[in-house]
Amino acid sequence: CLSDPIQNLVAAEGGGTWSGVGVVGSTFDPSIAGVGNHIITYTIPGVCGSSDTELIAVSNAFNATITPQSNLCTADASVNLTAVDLGGTWSGIGITDVINGTFDPSISGAGTHTITYTISGGCGDVDTESIVVTQTPDANFTGATTLCDYNSPVTFSPTTSGGTWSSSCGVCIDVNLGEFNPATAGVGSWTIAYTVTISGCSNNTSSNIVVDACASNQELTANDVLIYPNPTNGHFTIETGSTKEGIIQITDNLGKIIVVESFKNGSKTLQLSTELSTGSYFVKVYNDLGVLKNIVRFIKK
């Protein structure tokens, strides 16, 4: 190979001289000869001398040096690795195409992975490179989906802390705490977004929250609603007072709707032992025109 060290030339008998391209004394230097086929001659002078020739082929040596790859995140798209010379094969955790050198960080997972590139043959070469993959953070969050415009602020809970919040309603949400104020947002459907970055890897998730123009507190308390027993084991009756017909909606503390039932004659008995876990809930009473008439809190024991 062109990059091989100088080779000593040896013949059956000494006393002769060597000649040919690349010959230096009794050695052959492939870097001087260059790529190609070279005829080397050995001559022993005199009446009883002799001469012989030998063909030495010099091939270009391959360079398997891998181009360094910047750090990746587990959610990043696959990348094709490269090296100085083509024609080799790739191996290592995360390699999905041994010919094109395709590396998939979602398959390798987080960590430092050693990748090998091998060019076979007498003038081949081998190189290794480390690729660092960082876990993409989980940007999911939970929280209310429906609120009244007079409700107190609620705080969304992210799976991974340390991110920032934003919303289509602007300053209705605290960018650091994730506290949403329905009064500031106003009536409408608003997009809540959460972005979190860890070790250079970012992720974001968004969700909608609806703020309704509910009846005022004064209007609600004017229409008495009775829930019994309260606390309840899940089997209870709702007396809807002056609202004789309409819809009953049961939500949790975050505004998530659990049950929707119609009622007539100012009363509704429900059996929700399996639907409700222990905690506090709200009964929202709507009349037959869809107007919210009352909100009453009850406890599931």
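Above this text sits the structure in question.
Summarised in this report is the structure supplied together with it. Computed from a predicted model, the values in this text were never measured in an experiment.

**Digging into the overall build of the chain**
Next, step 1: When helices and strands are tallied, the chain shows four helices and 28 strands.
Next, step 2: Along the first, second and third principal axes, the C-alpha atoms of the chain reach 135 × 40 × 30 Å.
Next, step 3: Residue burial in the chain is summarised as follows: out of 301 residues, 36% are buried.
Next, step 4: For the chain, the accessible area works out to roughly 16,100 Å², and carbon and sulfur atoms hold 51% of it.
Next, step 5: Looking at charge distribution, the chain has the averaged site of its 9 positive side-chain charges lying 40 Å from that of its 25 negative ones.

**What to know about unusual backbone geometry**
Next, step 1: A cis amide bond, omega -10°, links Tyr-228 with the succeeding residue Pro-229.
Next, step 2: Structurally, Pro-229 can be placed in the loop between strand S22 (226–228) and strand S23 (235–239).
Next, step 3: The residue after Asn-230, namely Pro-231, is reached through a cis peptide bond having omega 10°.
Next, step 4: A positive phi angle, near 50°, is found at Ser-199, a position not held by glycine.
Next, step 5: Mapped onto the fold, Ser-199 is located in the loop between strand S20 (188–198) and strand S21 (201–212).
Next, step 6: Among the residues examined, Ser-199 registers a relative accessible area of 62% and is labelled exposed.

**Examining the nonpolar core**
Next, step 1: Core analysis: the largest hydrophobic core is formed by 18 residues, its most contacted members being Phe-156, Trp-165, Phe-180, Trp-190, Ile-192 and Ile-209.
Next, step 2: Looking at which element gives the most residues to this core, the answer is S20, with four residues.
Next, step 3: Every residue in contact with Ile-209, bar those within four places of it in the chain, is listed here: Ala-144, Thr-145, Thr-146, Leu-147, Phe-156, Phe-180, Gly-188, Ser-189, Trp-190 and Ile-192.

**Describing the sheet that holds strand S12 (residues 111–119)**
Next, step 1: Strand order in this open sheet of four strands is S7-S13-S12-S9, and the pairing throughout is mixed. Only two strands of the sheet have a single neighbouring strand rather than two, namely strand S7 (72–73) and strand S9 (89–91).
Next, step 2: As judged from the three bridges shared by S9 and S12, these two strands associate in the antiparallel manner. Residue Ser-91 lies in a different strand from S12, and its bridge partner there is Thr-116.

**Quick word on the sheet that holds S23**
Next, step 1: Taken in spatial order, the three strands of this open sheet run S22-S23-S26, and their pairing is antiparallel. The sheet is open, and its two edges are formed by S22 and strand S26 (267–271), each paired on a single side. In this sheet, neighbouring strand axes are inclined to one another by 15° on average, regardless of whether the strands run parallel or antiparallel.

**With respect to the state of the cysteines**
Next, step 1: Within this structure, the stated rule accounts for three disulfides.
Next, step 2: Two residues share a disulfide in this structure: Cys-73 and Cys-201, whose sulfurs sit 2.0 Å from each other. Here the S-S torsion is close to -95°, and the disulfide linking Cys-73 with Cys-201 is therefore left-handed. Of this pair, Cys-73 sits in strand S7 while Cys-201 sits in strand S21, and the two are 128 residues apart along the sequence.
Next, step 3: Between Cys-169 and Cys-172 runs a disulfide, and the two sulfur atoms are separated by 1.7 Å. Disulfide Cys-169-Cys-172: torsion about the S-S bond near 55°, hence right-handed. Taken as a pair, Cys-169 and Cys-172 share a single burial class, namely buried.

Conventions used here
- Residues numbered from 1 in each chain as written.
- Predicted model: local features only at pLDDT ≥ 70, side-chain atom pairs only at ≥ 80, totals over all residues.
- Heavy atoms only, no water.
- Helix = DSSP H or I, 4+ residues; strand = E, 2+ residues; numbered from the N terminus.
- Buried < 20%, exposed > 50% of the residue type's maximum accessible area, 1.4 Å probe, protein only.
- Areas by Shrake-Rupley, 256 points an atom, 1.4 Å probe, with all protein chains shown as cover.
- Lys, Arg positive; Asp, Glu negative; His and termini not counted.
- Charge placed at Lys NZ, Arg CZ, Asp CG, Glu CD.
- Core = buried A, V, L, I, M, F, W, Y, C linked by side-chain atoms within 4.5 Å.
- Contact = heavy atoms within 4.5 Å.
- Pairing = 2+ DSSP bridges.
- Axes fitted to C-alpha atoms, helices over the stretch in contact; angles between N-to-C directions.
- Disulfide = S-S within 2.5 Å.

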